[in-house]
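Below, each chain spelled out in residue letters.
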Amino acid sequence: MTNAFFKSSCALRVLAPAFLAVFCGSGLINADFGADVVSAGDRMVVPAITIGETSTSPSTDVTPLSNDPCSRVCVGDAAKGIAEWDVPGWANYLKLWSALASDPGNKAIRQCFGLPLGGDGQSLAAIRAARGRSAPDWIGWKPGSYAQVDTPHFQIFSRADREQTTDVAEDLERCYWVWTQAFFPLWEGRLQVARYLGQTDAVSTDELLDGLRLRLSSRKKMRVVLFRDREDYGRTLARLTGGSLQALSQSTGFYSAERRTSFFYPTESSDGTASRRHELVHQLFREATRNGLSGDVAGEQSDFWMVEGIAGYFESLTYGDRVATVGGWDSPRLQFIRHRVFARQEVVPLAALRPDGRDAAQQRGDLAQFYAFAIGYTHWLMDSDDVMARRWLYANLAALYRIPLELPDGLVATDEPNEPERGMVALLRIDNEVIRSNPNDRSIEELCLRGCLVDKTGLATIEKTDQLRWLDLTGLPIDTTTILQVVPKADQLRQLSLEACPVDDSIAAWIAVKSELEELDLSSTVCGDETVSAIGELQKLKTLWLTNTKITDAAVDAFSGLPNLRLLDLRGTAVTAQQIARLRRAHPEWTVNPN
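Residues numbered from 1 in each chain as written. Predicted model: local features only at pLDDT ≥ 70, side-chain atom pairs only at ≥ 80, totals over all residues. Heavy atoms only, no water.

K.L.:
Explanation requested: empty space enclosed by the protein in the structure shown.
P.N.:
Empty space among the atoms becomes apparent when a probe as large as a water molecule is rolled across them. Here the structure, examined in full by the defined rule, presents 6 cavities of 30 Å³ or more. Within this model, the second largest cavity holds a volume of roughly 50 Å³. What lines the second largest cavity is Pro47, Ala48, Ile49, Trp97, Leu124, Arg174, Trp177, Val178 and Gln181. Top contributing element to the lining of the second largest cavity by residue count: helix H4 (residues 162-182), with 4 residues. Of the residues in the lining of the second largest cavity, the class split is 7 nonpolar, 1 polar and 1 charged. (1 Å grid on protein atoms, 1.4 Å probe; cavity = no way out; pocket = protein on both sides within 12 Å on 5 of 7 lines; lining within 4 Å. Points joined across faces, edges and corners; volume = space filled by probe spheres on them. Helix = DSSP H or I, 4+ residues; strand = E, 2+ residues; numbered from the N terminus. Nonpolar A, V, L, I, M, F, W, Y, C, P; charged D, E, K, R; others polar.)

Spelled out as structure tokens, the structure:
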């Protein structure tokens, strides 16, 4: 189950040291990672049909897939003694998808994959809807009070409206096809593909299609229940699971391995979409593989971090021009993990996560920490330059789900990758070249670059975004002009940290219109009274850090215009003790200059 609780809180503030040193077990991870910093190819790319394309004619402008999953896992390196991993059919399967992404109406490929023919060439599923009468009794819905929607791989029982249900059905099918490309060695359909496409990879698409008789099919459809809204979802799951209605209503999706069912409700939020994909991955590994779990649960005894890590990794799925990408420095989850590492100086060793099974993990005092580092390590295993790390993850997922998998020479599932903590922290500490080589292909809503080696040159290469809710540039040499270029509006900004950045009162006008801001950190900047006057317009502000700034007693009255303020830090400023005492008397509900 996923909800906002699993994301790290950003309210905790730690003054950034000049040089970071993170203790992890008995090891020391230094700030200077040198060649360990990933410079290019920090995400997985698979071909995908671009929604909104009206032409079905073939295109010659196809994005090269140098970061496709087969290449990232199977290619050997003789110099390092790494043998190739032969997974029959994987490369050719991706080749057909690349051809389909270029020519979405290709009838021969659509027939191979069982996709609908005709129309605009964009659809990935023939969707059939009828009045529902066959939902499981335990749902408690009366016959005819819901719709039953069938797609090639899913059976959906829905109380949502027709448009919402269709949108969810299409997204489930689209995600399914991305997952089959990314985790082909574990997918049940790989045996069908290998039978027809596994002989050779050194042929053209036309040669592959010549006389090809492949017709993909699945053993059983996966069940999804789509509720009318959040309240309907929370009430029903509370009844089915015995859980807290309040806690369940905060989540946005849930997969029950025991009932072999995913539960969702319609939402247009990015968090809701990410949650749906997270839970869907749980379902796909359980139901779209030939696993030997029977009645057992993956990760029940140990390595539960991997179950949640791979699902959290897939939350970063986004679609671009004829491609889908997973992972990358701009992955939403990585922003929160970066904050834990570089703000809290907190790293949990991989060896500390591995012993916990499902129950032990869910009884942890800081479950958000467990999820954060589970996802962080998975990003490193999938997105770093280390092919053996990726192979180790695939091998251990197969072992965890009891999926038969022929491993390449030299790979043993029990061998843990070298220095995973150092590798993960190095992946998080991006620089200008990483950003330049890996343009963000999603609308960024959270961006934390604290602890990174990024300056105004790197920040300027990020696509402009108006959707930011959280921006943390602590300690970076980035001035007001650059911030305004990249984030000209950001009307939804709720948390902003410019601590130790070279900004001054010229930032005041930009801050003044951030009406949604709830937390602001301008510590160790040269901002002064002019900026405080602008802050006085922020009616939703709750937390304000002005430590070591240039403000004076003249600015104090502006704070009284902040009706929701609860924490104010004026240490290291020219504000006198008398004015501090006056603020405390006038606002006993505030915490002023916290220890």
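That shown, we press on.
K.L.:
Whenever I open this one, the packing of aromatic side chains confuses me. Can you help?
P.N.:
Tallied over the full model, the rule gives 27 aromatic pairs. A ring pair is formed by phenylalanine 336 and tryptophan 470, whose centres lie 5.0 Å apart and whose planes are at 35°; its orientation type is tilted. Of this pair, phenylalanine 336 sits in helix H11 (residues 332-342) while tryptophan 470 sits in strand E14 (residues 470-472), placing them 134 residues apart in sequence. By the burial criterion, phenylalanine 336 is buried, and tryptophan 470 matches it. The positively charged end of arginine 174 is found above the aromatic ring belonging to tyrosine 319, 3.5 Å away from the centroid. Above the face of the tryptophan 138 ring, arginine 259 is positioned so that its terminal group lies 4.6 Å from the ring centre. (Phe/Tyr/Trp six-rings, centres within 6.5 Å; stacked < 30°, edge-to-face > 60°. Buried < 20%, exposed > 50% of the residue type's maximum accessible area, 1.4 Å probe, protein only. Lys NZ or Arg CZ within 6 Å of the ring centre and 35° of its normal.)

K.L.:
Teacher, can you tell me more about the pattern of salt bridges here?
P.N.:
A side chain of one charge can pair with a side chain of the opposite charge when the charged atoms of the two come close. Under the counting rule described, the total for this entry stands at 27 salt bridges. Linking aspartate 303 and arginine 354 is a salt bridge whose minimum nitrogen-to-oxygen distance equals 2.9 Å. Residue aspartate 303 is located in the loop between helix H9 (270-287) and helix H10 (304-314), and its partner arginine 354 is located in the loop between helix H12 (350-353) and helix H13 (358-362); the two are separated by 51 residues in the primary sequence. Here aspartate 303 matches arginine 354 in class, with each residue buried. (Salt bridge = Lys/Arg side-chain N within 4 Å of Asp/Glu carboxyl O.)

K.L.:
Can you help me understand the sheet that holds strand E17 (residues 543-545) in this one?
P.N.:
Pairing between sheet strands relies on hydrogen bonds along the backbone, with the strands arranged either parallel or antiparallel. Pairing is parallel across the open sheet formed by 7 strands, whose spatial order is E13-E14-E15-E16-E17-E18-E19. Single-partner strands in this sheet number two, and they are strand E13 (446-448) and strand E19 (591-592). Relative to strand E16 (residues 519-521), strand E15 (residues 495-497) runs parallel, the two sharing 3 bridges. What sits directly across from serine 497, in E16, is aspartate 521. In the packing of H11 onto the sheet, the strands contacted are E13 and E14, and the crossing angle to E13 comes to about 35°. (Pairing = 2+ DSSP bridges. Contact = heavy atoms within 4.5 Å. Axes fitted to C-alpha atoms, helices over the stretch in contact; angles between N-to-C directions.)

K.L.:
In this structure, what is going on with the nonpolar core? I would like to understand it.
P.N.:
Generally speaking, soluble globular proteins have nonpolar side chains that are buried together. Ranked by size, the top nonpolar core spans 101 residues in total, and within it Phe113, Phe183 and Trp305 carry the most contacts. Top contributing element to this core by residue count: helix H14 (residues 367-383), with 11 residues. The contact partners of tryptophan 305, leaving out residues within four places of it in the chain, are Leu350, Leu353, Arg354, Phe370, Ala374, Tyr377, Thr378, Leu381 and Trp392. Counting residues in each nonpolar core, the second largest holds 51 residues, with Ile483, Ile507, Leu522 and Leu583 among its members. (Core = buried A, V, L, I, M, F, W, Y, C linked by side-chain atoms within 4.5 Å.)

K.L.:
How should the packing of H10 against helix H15 (residues 387-401) be read in this particular structure?
P.N.:
Packed helix pairs are characterised by how far apart their axes lie and by the angle those axes make with each other. Two elements in contact, H10 and H15, have axes whose closest approach is 10 Å; the angle formed by their N-to-C orientations is 115°. Our pair here, H10 against H15, has a crossing hand that is left-handed. Only Trp392, Leu393, Asn396, Leu397, Leu400 and Tyr401 of H15 make contact with H10, whose side of the interface consists of Trp305, Met306, Val307 and Ile310. Split into classes, the residues belonging to the contact of H10 with H15 amount to 9 nonpolar, 1 polar and no charged. (Left-handed = near helix turned anticlockwise from the far one by under 90°.)

K.L.:
Would you take a moment to explain the sheet that holds strand E11 (residues 318-319) for this structure?
P.N.:
With antiparallel pairing, the 3 strands of this open sheet are ordered in space as E4-E12-E11. In the strand order of this sheet, the two ends are held by strand E4 (43-47) and E11, each with one partner.

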